[in-house]
Amino acid sequence: MVKEYLENINIKETNSLLVSLKSYALLNDVPIITDDGISFIKQMINIKQIKSILEIGTAIGYSSINMAINSDAVITTIERDKAMFNRAIGNINLAKLQSRIKVINEDALEIDETMLGKFDLIFIDAAKAQSIKFFNKFKTCLNDNGLIITDNLTFHDLVVTPIRDKNLKQLVRKIDAFNKFVVDQTDFDTYIYSIGDGMSLSIKKDVIKWKSR
């Protein structure tokens, strides 16, 4: 009931392109970030004055377009699925954001991350079973005091629900393993929030200041 109350009281998205992209995603079973999830990210972008973002998992470009419309950040986003990549490119062109959003059509685990540059924010929203690999691979691309946000960490509450399906159970175990992994990273200050489908916020510690304490 609280969730419904907040959904009703919070301001709804009015940007026509974003509304149409959300409708398309719902009709075509394309997983996109929740309203409260993207609101949380946009507020973090504004609070931390984020200027550069790396997104792992583009899909149709909904979250990258949303972040770009609501900030002046430059975004690099990686999508391995060719059909999704093409649709994202089309949507980004419709938004006239191609100068600020670069989409790479590659498997994120195979890309040479050293060629990507450095970012203030890394948003992981791709294959849930690979979150530990994504985190370890791309944390080297993070600027000092940068943020890593990872989505889908409660997975429709299945992390606390008995599951019979073996494949689904294995996926949920990997999500649970990531949750335990990410809060245990000593070079990050991490908290997992009950926002959207579960999101972690990991703030990279200033190593020099941390060691001097």
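Please refer to the structure placed before this passage.
The notes below deal with the structure included here. The shown structure was predicted, so the numbers you read here are calculated from the model rather than taken from an experiment.

1. Topic: the pairing of strand β7 (residues 199–204)
Then comes step 1: Among the 6 residues of β7, 5 are classified as buried, and the element is accordingly described as predominantly covered.
Then comes step 2: Here strand β5 (residues 142–150) pairs with β7 via 4 bridges, running antiparallel. When the bridges of β7 are listed, I149 appears paired with L201.
Then comes step 3: Pairing geometry for strand β6 (residues 188–193) and β7, over 6 bridges, is antiparallel. Bridge pairing in β7 places F188 opposite K204.
Then comes step 4: The hairpin turn running from β6 into β7, its antiparallel successor, is 5 residues long, and G196 in that turn takes a positive phi close to 60°.

2. With respect to the packing of aromatic side chains
Then comes step 1: Under the definition given, this model contains 6 aromatic pairs.
Then comes step 2: Between the aromatic rings of F40 and Y193, the centroid separation amounts to 5.6 Å while the plane-to-plane angle is 45°, which identifies the pairing as tilted. Here F40 is found in helix α3 (residues 35–48), whereas its partner Y193 is found in strand β6, with 153 residues between them in sequence.
Then comes step 3: A ring pair is formed by F135 and F181, whose centres lie 5.7 Å apart and whose planes are at 90°; its orientation type is edge-to-face.

3. Examining the side chain of N152
Then comes step 1: Checked against the element boundaries, N152 lands in the loop between β5 and α7 (166–182).
Then comes step 2: The exposure class of N152 is buried, given its relative accessible area of 13%.
Then comes step 3: A polar atom in the side chain of N152 sits 3.3 Å from the side chain of D197.
Then comes step 4: Beyond its immediate stretch of four places on either side in the chain, N152 contacts D125, K128, I175, D197 and G198.

4. Notes on the sheet that holds β5
Then comes step 1: In space, the 7 strands of this open sheet follow the order β3-β2-β1-β4-β5-β7-β6, with mixed pairing throughout. Of all strands in the sheet, those bounded by a partner on one side alone are β3 (101–104) and β6. Each neighbouring strand pair of the sheet contributes to a mean axis angle of 15°, computed without reference to strand direction.
Then comes step 2: Pairing analysis gives 4 bridges linking strand β1 (residues 52–56) to strand β4 (residues 119–124), with the strands arranged parallel. Paired with I53 across the two strands is L121, which belongs to β4.

5. Regarding the environment of I92
Then comes step 1: Here I92 lies in helix α5 (residues 82–94).
Then comes step 2: Taking C-alpha positions, I92 is 26 Å from K137, a pair spaced 45 residues apart along the chain.
Then comes step 3: Contacts of I92, omitting those with residues within four sequence positions, involve I65, L97, Q98, I101 and V103.

6. Some thoughts on the side chain of S71
Then comes step 1: Mapped onto the elements of the fold, S71 is located in the loop between α4 (62–69) and β2 (74–78).
Then comes step 2: Looking at S71, its side chain comes within polar contact range of the main-chain oxygen of M67, at 2.8 Å.
Then comes step 3: Ignoring sequence-local partners within four residues, the contact set of S71 consists of I45 and R100.

The rules behind the values
Residues numbered from 1 in each chain as written. Predicted model: local features only at pLDDT ≥ 70, side-chain atom pairs only at ≥ 80, totals over all residues. Heavy atoms only, no water. Buried < 20%, exposed > 50% of the residue type's maximum accessible area, 1.4 Å probe, protein only. Helix = DSSP H or I, 4+ residues; strand = E, 2+ residues; numbered from the N terminus. Pairing = 2+ DSSP bridges. Phe/Tyr/Trp six-rings, centres within 6.5 Å; stacked < 30°, edge-to-face > 60°. Polar contact = N/O pair within 3.5 Å; in protein donor to acceptor, adjacent residues only side chain to side chain. Contact = heavy atoms within 4.5 Å. Axes fitted to C-alpha atoms, helices over the stretch in contact; angles between N-to-C directions.

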